Every structure is written in structure tokens, then in C-alpha cells.
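# A structural walkthrough
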Amino acid sequence: MKVGFLQLRPKFGDVKENVKEAASILKNVSDATIVLPELFNTGYLFRTVDELSALAEPVATGYTVAEMKKIARKRKLNLIFGMAEKQNKKIYNSAVLVTSKGKVFSYQKTHLFDREKLFFQPGSNAFAVHTVDGCKIGIIICFDWIFPEITRILALKGAQIICHPANLVLPYGQDAMRTRSIENRVFTITANRIGAEKRGNVSLTFTGKSQVVNPKGDVLASASERSISLKIVEIDPNEANDKTITPNNDIFEDRKTSLYGALLSKTHAR
Ligand code: ACM
């Protein structure tokens, strides 16, 4: 199957323009699963909850999902993209999967980064694996990468590809995602954004370098720090079913879960 990323430079607050730009790049692609960045339609640095609220949309009835569904159907694409989701008066930093057949799923970011905590509700939905065209897809969003538990849970639930819409700012997220691939023997697709935002006294520069990584940690495709970029590669998702590292090591079978239980619960020492 064909998978890839679309690395973008969103214009803050201009949802129609950002969706239009994605649509215009995707019009030359078909029959693929493509990941776009976190909050690709709005930009990232909100100044107030009111500003965010004006840009957030319900998944079921909002403009962005409706447009992305049209593109997905027309081009036979499965699209995974980040957007601010309004649901029951709460706002989540979400990633939405729309399939070429019109199905829609939303994942609400669990681990909020820095000032996101001032604006968004953390998600509390189960970590779901979606079967799309016979392939099993899990989703994490940006800073979720630093919590290896979530990728592990998705891999244990059978995910073959972890899709990772991102607005990475720390310099080591991409390297860490190679590790997430290796330690779980899964494909990972990180779609990061580029550019900088300065709003009020806060500014951030996003690190680009989107990538597709295979279960052995090889980078199959990558982008630069600076350019808008669409890259697509052919993969066999079934490669992720093999969890062996040596003839005597299977990373799932070898786990010592009876020893981990208490340590992976809420308590921790400082
Ligand atoms: C991030 O989670 N957007 C850094």
C-alpha cells in the first residue's frame, strides 16, 4: 500500500486557505494513506480560549472534515489530519481519520504540551486501532510521542502503522519516533509542520523533518526543515506483524508483565 506525509506551513487562523492548499497538493495523488500535521487548518499558537473557540469545529458537521471527506472520496485517499475539535462545549486538540469510503474517526490528544493546557481539554478516549483497507492504523498526536505507553498500547492492540500528526518543536521528536518504531516493530508516519509563529509575546519554530519509518527503524522517506513536502512510499504493513528481533527474542512474548504492573501505574518516585 502507498503511505506518506504532507508537510505544511499553515497560515494562522486561515482555515479556508489552509484546507485549500492541502487540497491543491493532494489533487495529484490517489490510492494512498496520507498524514497531515497537527492543527493543520488553524495554526498552533492561540492567544485566548475565545480565539481558539472561534476556529474550532465539530467533527460531524464542521467545514474542515466535510472538505477533507470530499478530497478523500474523490482521490481515493485515507487522510489523517490534526484540527481543533469542538464537542459538547469542550475543545480538543484532535486528529481525524477520514477514509476513502467516507468513515470518520476522531482521536483527542491525550498528553497536552506546555501552553496547550491553557486552551484544550485532554482527551480521555481509549486508544483505538482502525482497520482501513485491511491495514491496522493507530493515531497519536505530537507530544504523545514522549509517553511510550500509548504507542505500545496501540501496537499491542495490533496497530501496524502509527500515524503521528505533529507540530514538533523539541529537537529530538523525530529520532524518538524511530525508537517508537523499533521498540514496537511498527511503521510510524510523522507529519510535522514547518515555519514559525509569533503571537503576542510567545513564539515557536517548528522543526519539519517529517518522516516515514519502518519497523526496523529505517527512514523510508523524510522531508527537510524548510519546505512544504509531500512524500509517498510503498510499504507492506504486514512487516509489522513480525515482532522477532533475533531467533530467540520476540518483543511482545519476552515482556515480563508481572514485574511491570505496579511500576506502570500512577505512583512514581522523584
Ligand atoms: C506539541 O505537542 N505540539 C509539541
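Residues numbered from 1 in each chain as written. Predicted model: local features only at pLDDT ≥ 70, side-chain atom pairs only at ≥ 80, totals over all residues. Heavy atoms only, no water.

## Topic: the pattern of salt bridges
- Per the stated rule, a full pass over the model turns up seven salt bridges.
- Residue Lys-109 is joined to Glu-38 by a salt bridge in which the shortest nitrogen-to-oxygen separation is 2.8 Å. Placement of the pair is Lys-109 in the loop between strand S5 (104–108) and helix H4 (116–119) and Glu-38 in the loop between strand S2 (32–35) and helix H2 (49–55), with a sequence separation of 71 residues.
- For Lys-109, a relative accessible area of 0% gives the class buried. (Salt bridge = Lys/Arg side-chain N within 4 Å of Asp/Glu carboxyl O. Helix = DSSP H or I, 4+ residues; strand = E, 2+ residues; numbered from the N terminus. Buried < 20%, exposed > 50% of the residue type's maximum accessible area, 1.4 Å probe, protein only.)

## A few points about the packing of aromatic side chains
- Taken as a whole and assessed by the stated rule, the structure comprises eight aromatic pairs.
- Ring geometry for Trp-145 and Tyr-172: centres 6.0 Å apart, planes at 75 degrees, overall edge-to-face. On the criterion of sequence distance, the pair formed by Trp-145 in the loop between strand S7 (135–139) and helix H5 (148–156) and Tyr-172 in the loop between strand S8 (161–165) and helix H6 (173–184) is long-range, its members being 27 residues apart.
- Overall, Tyr-172 belongs to the partly exposed group, its relative accessible area being 44%.
- Ring pairing ties together the aromatic residues Phe-12, Phe-46 and Phe-120, which thus form one cluster.
- Over the ring of Tyr-63 we find Lys-16, and its NZ or CZ is 5.2 Å from the ring centre.
- Here the guanidinium or amino end of Arg-255 rests over the ring plane of Phe-252, the centre of that ring lying 5.9 Å away. (Phe/Tyr/Trp six-rings, centres within 6.5 Å; stacked < 30°, edge-to-face > 60°. Lys NZ or Arg CZ within 6 Å of the ring centre and 35° of its normal.)

In short, geometric facts, not functional conclusions.
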